[in-house]
Amino acid sequence: MPSDRALRVALDIGGVISKYPDVIRAFARALVAGGAEIYVITDMLDHARVCATLARNAFDFIDPARVHCADYAAHGEGCKAVLLRDLQIDVMLDDFVGYVAIRILGAGRGLA
């Protein structure tokens, strides 16, 4: 992580926020209090619906501009890896190891 910017942490909704909302909310708020930037990267479609779901569940402290819907149709299991690269995410919490493994394996080799 470059020292000239805040730590960027991304959270998945299904299986992470949805499964442990109270724990993840407290974790995310603590990270924000420490200066981190929180992102949501999901393969759920419809940005407005995702933001509304976050707001209904008291995650409205996450800037909607940092909520991203990955394009599974275009990138398959690499859909979140593309966003991780483009957004320069430092840490991703996801329940599907394939998304994370692709990011690790693709590190330094560039994703198409």
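Above: the structure in question.
What you see is a predicted model; the values in this text were computed from it and never measured.

Enquirer: Lay out the sheet that holds strand β4 (residues 91-93) with the relevant residues and their values.
Expert: Each strand in a sheet pairs with its neighbour through backbone hydrogen bonds, running either in the same direction (parallel) or in the opposite one (antiparallel). The strand order across the open sheet built from 4 strands is β3-β2-β1-β4, with neighbouring strands paired in parallel fashion. Since the sheet does not close on itself, it has two edges, and those belong to β3 (67-69) and β4, each with one partner. The average angle at which neighbouring strand axes cross in this sheet is 25°, direction not considered. As paired strands, strand β1 (residues 8-11) and strand β2 (residues 37-42) are joined by 4 bridges and run parallel to one another. Of the residues in β2, the one forming a bridge with valine 9 is isoleucine 38.

Enquirer: Could you give an account of the environment of isoleucine 24, with specific residues and numbers?
Expert: Relative to the helices and strands, isoleucine 24 is located in helix α2 (residues 21-33). Note: C-alpha distance between isoleucine 24 and leucine 93 (69 residues apart in sequence) is 9.8 Å. Here isoleucine 24 is in contact with Leu11, Val16, Ile17 and Phe59, once residues within four sequence places are set aside.

So, how was this worked out
Residues numbered from 1 in each chain as written. Predicted model: local features only at pLDDT ≥ 70, side-chain atom pairs only at ≥ 80, totals over all residues. Heavy atoms only, no water. Pairing = 2+ DSSP bridges. Helix = DSSP H or I, 4+ residues; strand = E, 2+ residues; numbered from the N terminus. Axes fitted to C-alpha atoms, helices over the stretch in contact; angles between N-to-C directions. Contact = heavy atoms within 4.5 Å.

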